[in-house]
Each structure stands twice: as structure tokens, then as C-alpha cells.
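Spelled out, the chains give:
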Amino acid sequence: MGAVFLAVKDGGPAVALKLLQVRADDEMQLASKRFLDEATAAKAVESEFLVPIIDSGLDLERGPYIVYQYVRGGSLRDRLEELGQLDEEEVVSVLAPALLGALQALHDNSVFHRDVKPENILYGNNGEYYLADLGLVTFEGRKAKTRTGTFVGTPGYLAPERIASENCEQGPEVDVYAAAIVLVEALTGKRPFRGKNPIEVIKEQLRREFKSSELVALGVPAHLAIALADGLALKPEKRIKNCRTFLKNIKACSKSLPKVTKRKVLPTENETEHKSLKRLVAAVFSIVLLGCIIFSWQHSAQRLDSNSPKQITLTKRFDKWAEEIKELAKEKGNSKKQLGQLRDIHRSFHRMKKGSEELSQRATLFELELLRAFYQNDLSSSVFIDETIIS
């Protein structure tokens, strides 16, 4: 709801000028409150790791504005797209202290960022990092300003509790979670949670908790994986409590074990021939597999027409199940019963979800509601995943 421009006044230094931009009148009140919150937080919290605010106010022609110091080096996202990933020393010694230091300064003032991501971390000319964009900040004890059934933030970096409920308690844990994801992405060049669309990404966040071994498989150095996994716990009460301790643990883990350097070994002539044969076999197998997939897709498309009676019946059944899930999610204290009912519903869903594109989209939204119900009621997501989703 805000747009940032590079501006110069009276021949002075370049600054970043943020203006409020709202597309619809019904969004103006909410957007104005968030803009005011951003200015208030930026003025109240001082940190060498936050982009300094220069001025804020109301212009009669352009409306509310905030002026920030201009950081010339681009964002962490730009840097990752250019380099692929950062080396461990830069992450541990420069990025992590800046990111977690800025967040700790906000938390010490009862302010929570809620939109930590590489796009909101700026890179300075001297190799320093700054946390930027306080447009979604909230304050301790403040009730959510989102519309019912919605949440604010970026899929892939949102804490699971914020996805599951727009009225969840806001605390340092939501920023710890996002910071852990950013650090994993910086080290590996890969986003931990990925999907074909935003819904698929947040579904993955609701049902998956990264263990240290999984982070190592993703490319995180083994001696850092344990510390980073502490920030990625699915439930906030199991997550590390503050950014100061999080940074301390990351630095301690980085120093505790020697770094392993892989030595490059040149292949022998026989090994080279063997690898060439394996590539040829893999290529043939891929062509055959692709043909099977295309045939299967065409065959399934012929089986279920979008207007067929079977599809209409399945669509109505999904709608009915979605209503049942919402009712089950409201019940408390009967987790065993809920677990059985939800698993029965999902087994039926899993058997029937293959069909037209319209039915698949409806099924995706249905599964998201199911995962939110599991999360809100502390049901066993591991049983759910092992026996239904991966089957």
C-alpha cells in the first residue's frame, strides 16, 4: 500500500521517499493506520541496523509521506539473485548480526516487524545490511487489523501461527521464524518452503517442521543446522524466544566445529565412461517416463469432463467437507475424535481429488482449511502427513 521513490530536494543527498498509495476507498482507513504505525515505529526505535528515518508528515497534494536514508546497494534478494548464495562467514558475521540486531531493537520496544524477507533487507556500499520496510509492524497487545479470514505478510516467510489464525498472539517468535528462513536461504540459495503457488507454499508451512538433518540436506552447514532449526519450530512455544539468544547460538555453533573443505578428485578414465553410460540410460528413461505421463494425463482428462455428473457430485462433497472441518476446528478438548474424523475426510479427499483444473483448485483450498484445523487444535501433523499426503 506504499510506494518508494528516489528523491532529491534542493540539490541535497538522494533519499528514499515513501508515499501512501491505495487503490480502493475502503482500504484507506486500514492503510493510513499502518502508514502511521510505520512512522511511529521508525521514530521510536533506534538501531544501527535499521534504515534511519529522516522525516515524516502530511503533504497537502501527495498525502502522508516518510523519508528514509537512501541505501544504494540494493536488497538481499538482489544479492542472492546475483551470487546464488552467501558464504558462511558473511552470513554469520555480517547478515545475522544486522538482521537479528535490528529485530531485537524492535522487540525491546514492543514492536514486531511481521514482514522479514530478503526484499526488505538492504545492502550498503560498505558491505553492511539494514532491515527496512516497517509497513506491517504491530505493537505488543495490539489486536489484528486484518480482515476476517485473511493474513498479512509473504507466503514462505509467515510464521505458521499467523497463517492458522489472523487473531493469533503477536510476539518475537513470528520474527524469529522469518529470520531463520532468511538465513537458511542466504546460506543455501534455496527457499525452504516452495510450491506451485502461494497456497501450496503456506500449506507446506503448516505441515512441515524442518529438523537439523533436513537443513543439512538442503545445504546448511551441519554445525549451523541445529541453531537454525531452533528458529523454525512449528509451534511458537517451542521456538527460540528472542533474537539475542538466537544470534548467540548461531555464533557459538559456527565456532564449535571445524569447517570441512571438500577436496576435488579427478575421475579416472573408467569412471568417465561409466558416468557417460549412466547419463545415456537416464536420458532414455526420462523420455519413456515423459511419454507415460502425457498418456496418463490425456487418459485422465478424457475420464472426467468438467461438466460431468461425477465432477458436480465431487464438488458438492468438497464443499460439505469444508464446512465439517470448520465445525471440527471450533471444538476443543476432543483431539482423538477430531484426529479420526479429519483423517477419514482427508482419505476420501485424497482418493477423489484427481480431475479437472477447477476441481483441483477447490481441493487445494479444502486441504488448506484442513491443515489450519490441524494446527489450531494441536493435532498430530506427522501422522496426517505420513498416512495421507505422501501416500
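From a predicted model like this one, the values you see are computed outputs, not experimental measurements.

Before going further, it helps to examine the overall build of the protein chain. For the protein chain, the count of helices and strands is 14 helices and 8 strands. Per-residue burial for the protein chain yields a buried fraction of 44% across its 391 residues. Approximately 22200 Å² of the protein chain is accessible, and the part contributed by carbon and sulfur atoms is 53%.

Both faces of the sheet carry side chains from a regular strand, because those side chains alternate between them. In this sheet, strand β4 (residues 63-69) lies alongside strand β3 (residues 53-59) in antiparallel orientation, the contact comprising 6 bridges. Each bridged residue has a counterpart across the sheet, and for Ser56 the counterpart in β4 is Ile66. Connecting the antiparallel pair β3 and β4 is a turn made up of 3 residues.

It is worth spelling out the side chain of Ser56 at this point. Its location among the elements puts Ser56 in strand β3. A distance of 2.8 Å separates the side chain of Ser56 from the side chain of Lys43, its partner in a polar contact. Beyond its immediate chain neighbours, meaning those up to four positions away, Ser56 contacts Ala39, Lys43, Tyr65 and Ile66.

Moving on to the environment of Gly84. Along the chain, Gly84 falls in the loop between α2 (76-83) and α3 (88-108). In the structure, Gly84 is positioned 106 residues away from Lys190 in sequence and 8.6 Å away in space, judged by C-alpha atoms. Leaving out residues up to four positions away in the same chain, Gly84 has contacts with Arg79 and Gly189.

Attention now goes to helix α6 (residues 198-207). Of all 10 residues in α6, 7 are buried; the element is thus mostly enclosed. The N-cap of α6, judged by a side-chain oxygen 3.1 Å from the amide nitrogen of Ile199 a few residues on, is Asn197.

Where α3 contacts helix α5 (residues 172-188), the two axes come as close as 11 Å, and the packing angle between them is 165°. Put simply, α3 runs roughly antiparallel to α5. Relative to α5, the crossing made by α3 is right-handed. Packed against α3, whose contacting residues are Glu88, Val91, Leu95, Ala96, Leu99, Leu100, Leu103 and His107, the element α5 presents Pro172, Asp175, Ala179, Val182, Leu183, Ala186 and Leu187 at the interface. For the contact of α3 with α5, the per-class residue count stands at 12 nonpolar, 1 polar and 2 charged.

The next subject is the nonpolar core. Ranked by size, the top nonpolar core spans 71 residues in total, and within it Leu99, Leu215, Leu228 and Ile250 carry the most contacts. Of the residues forming this core, the biggest block, 12 residues, is contributed by α5. Those residues in contact with Leu228, other than ones at most four positions away along the chain, are Ala180, Leu183, Val184, Leu187, Leu215, Val220, Phe246 and Ile250.

Further remarks concern the packing of aromatic side chains. Under the definition given, this model contains 2 aromatic pairs. Geometrically, the ring pair formed by Tyr123 and Tyr129 is tilted, given 5.0 Å between the ring centres and 50° between the ring planes. With respect to burial, Tyr123 and Tyr129 carry one shared label: buried. Measuring from centroid to centroid gives 5.3 Å for Phe193 and Phe210, while their planes differ by 75°, and the two rings are edge-to-face. Taken together, the positions of Phe193 in the loop between α5 and α6 and Phe210 in the loop between α6 and α7 (212-218) put the pair 17 residues apart, joining distant regions of the chain. This pair shows no difference in class: Phe193 is buried, exactly as Phe210 is. Its end group placed over the ring of Tyr123, Arg79 keeps NZ or CZ at 4.2 Å from the ring centre.

Definitions and cut-offs
Residues numbered from 1 in each chain as written. Predicted model: local features only at pLDDT ≥ 70, side-chain atom pairs only at ≥ 80, totals over all residues. Heavy atoms only, no water. Helix = DSSP H or I, 4+ residues; strand = E, 2+ residues; numbered from the N terminus. Buried < 20%, exposed > 50% of the residue type's maximum accessible area, 1.4 Å probe, protein only. Areas by Shrake-Rupley, 256 points an atom, 1.4 Å probe, with all protein chains shown as cover. Pairing = 2+ DSSP bridges. Polar contact = N/O pair within 3.5 Å; in protein donor to acceptor, adjacent residues only side chain to side chain. Contact = heavy atoms within 4.5 Å. Axes fitted to C-alpha atoms, helices over the stretch in contact; angles between N-to-C directions. Parallel < 35°, antiparallel > 145°, perpendicular 65-115°, else oblique. Left-handed = near helix turned anticlockwise from the far one by under 90°. Nonpolar A, V, L, I, M, F, W, Y, C, P; charged D, E, K, R; others polar. Core = buried A, V, L, I, M, F, W, Y, C linked by side-chain atoms within 4.5 Å. Phe/Tyr/Trp six-rings, centres within 6.5 Å; stacked < 30°, edge-to-face > 60°. Lys NZ or Arg CZ within 6 Å of the ring centre and 35° of its normal.

Geometric values such as these leave the question of function open.
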